[in-house]
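A look at the structure
These are the residues of each chain, in order.
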Amino acid sequence: MSRPFQARPTLRQALYALGGAVVLALLVFEGIQTHYLPTTVASVATGVLCVVALLVRPARLPVAATVAVGASLAFTVVTMNLTHRPEATPGLTEACALLLVVTRCARHLPLLRATALVVSAGFAAGFLLLRTEAAQWVDVATFVAPLVFFGDILALVLGLYLRQSDTLRARRRTADLQEQRLEYARELHDFVAHHVTAIVAQTKAVRFATAGGHAPPAADLDAMLASIEASGSEAMTSMRSMVSVLREPAGSAETRPGGTLAPLRPLVADFSRHGPTAELTLDPRLADRALAPQITTSVHRLVQESLTNIRKHGVAVGKVVVDVRLSREQPDRLEAFVADDGRGAGQSSSRGGGYGLLGLTERIEAAGGSLEAGRGEAGGWRVAAVLPLGDARVEAGA
């Protein structure tokens, strides 16, 4: 929705006021050419109605355009039966306004209504030439009418072009919103799956400890429940962050990992507290290096999704290795992998093959990288990605 006139900059208000004054002056000048007060007033009134049709909101355009075109046609018919007619101009300012009405109707209105008003306004702009003296009709038809007809065609083409541009812009916006929703869905999956999986794993541990009829010591049970509580709190915090992103997309970057890979350390440490031992090997050249946001986010999601899948699907996993380093062969590329030493039925080709891994693949490919997931050379499961750093030494403000 456009801003109110009072809310616009002072200079722009002044320019609009000056333009309105010039148009009004032209309408008055053309009106007084009849040397008859009633026709002068009527000429100015019909011209103002046509200008108003250019200023109203699209929702009110059909009514405003219909009134303007009807008033112009009616005044032309009346003028043809009067002796007081304009000497120099039949109302070219009003004709130009009608041509712009053609453009605006072709741009904003539904097809059927636009067709009716485009034809009517274009006809009114040409019919307006008959307000001159009857003796001048031949010259008007010879020299002026072709220009008005060409103006009608040009106005229609311009309106259709703007209509197509609006349609393409709306489609791009819809596609951007859809991409944003998919991004939020991936973020939501990452947040929820990581924390809820931890809660489920810890709950199973409590049930396993009490299944034999031997309840664990109060201190151990309290520690297990405290871990579940902590995971639930972290899940709620993540959900609040996600909701804040949905409410205010402009601030979404603040809820994502920063410009370095430092968030990997607490992520891996949290996994070790609630599951198998995990070791993080982070290349010293990357430890405090500022990277492009899509790189840090992709690596963070790679590790988070891999650890979540290990917790959900891994069998007899004793150790997890997380390795993030610069490629030896290509120093401008980053290599990251997560591997475990699990075995058994959990190591299937479809392990972790749900929406999380699919979304992770899409994310890394969008950043120009590649992702591989499958059995490791020494057994277990391995997820590896290669990402191009490009000009990765970006400043924090970038």
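An account of the accompanying structure is given in this report. (Residues numbered from 1 in each chain as written. Predicted model: local features only at pLDDT ≥ 70, side-chain atom pairs only at ≥ 80, totals over all residues. Heavy atoms only, no water.)

Comments concerning the nonpolar core
In terms of nonpolar packing, the biggest core is built from 35 residues, with Leu-261, Leu-307, Val-320, Val-324 and Leu-334 touching the most fellow members. Going through the elements one at a time, helix 8 (264-274), strand 1 (277-282), helix 9 (284-287), helix 10 (293-313), strand 2 (319-326), strand 3 (333-340), helix 11 (355-366) and strand 5 (381-388) are the ones with two or more residues in this core. Val-324 has contacts with Leu-261, Leu-264, Thr-281, Leu-282, Asp-283, Leu-286, Val-299, Leu-334, Glu-335 and Ala-336, leaving out every residue within four places of it along the chain. Listed in part, the 28 residues of the second largest apolar core include Val-56, Ala-68, Ala-114 and Ala-155. (Core = buried A, V, L, I, M, F, W, Y, C linked by side-chain atoms within 4.5 Å. Buried < 20%, exposed > 50% of the residue type's maximum accessible area, 1.4 Å probe, protein only. Helix = DSSP H or I, 4+ residues; strand = E, 2+ residues; numbered from the N terminus. Contact = heavy atoms within 4.5 Å.)

Comments concerning the packing of helix 3 (residues 61-80) against helix 5 (residues 111-127)
Packing of helix 3 against helix 5 leaves a shortest axis separation of 10 Å and a crossing angle of 30 degrees. The orientation of helix 3 with respect to helix 5, classified from their angle, is roughly parallel. For the pair helix 3 and helix 5, the crossing hand works out as left-handed. Facing Pro-62, Ala-65, Thr-66, Val-69, Ser-72, Leu-73, Thr-76, Val-77 and Met-80 of helix 3, the residues of helix 5 in contact are Arg-113, Leu-117, Ser-120, Ala-121, Phe-123, Ala-124 and Phe-127. Grouping the amino acids of the contact of helix 3 with helix 5 by side-chain chemistry returns eleven nonpolar, four polar and one charged. (Axes fitted to C-alpha atoms, helices over the stretch in contact; angles between N-to-C directions. Parallel < 35°, antiparallel > 145°, perpendicular 65-115°, else oblique. Left-handed = near helix turned anticlockwise from the far one by under 90°. Nonpolar A, V, L, I, M, F, W, Y, C, P; charged D, E, K, R; others polar.)

So, a nonpolar patch on the surface
On the surface, Leu-24, Val-28, Phe-29, Ile-32, Val-48 and Val-52 cluster together into a nonpolar patch covering about 460 Å² of accessible area. The set of elements that each furnish at least two residues to the nonpolar patch consists of helix 1 (10-31) and helix 2 (37-55). Looking at the nonpolar patch element by element, the count peaks at three residues for helix 1. Inspection of the secondary structure assignment puts Phe-29 in helix 1. For Phe-29, a relative accessible area of 47% gives the class partly exposed. (Patch = residues over 30% accessible without salt bridge, like charges linked within 9 Å, V, L, I, M, F, W, Y side chains within 5 Å. Areas by Shrake-Rupley, 256 points an atom, 1.4 Å probe, with all protein chains shown as cover. Salt bridge = Lys/Arg side-chain N within 4 Å of Asp/Glu carboxyl O.)

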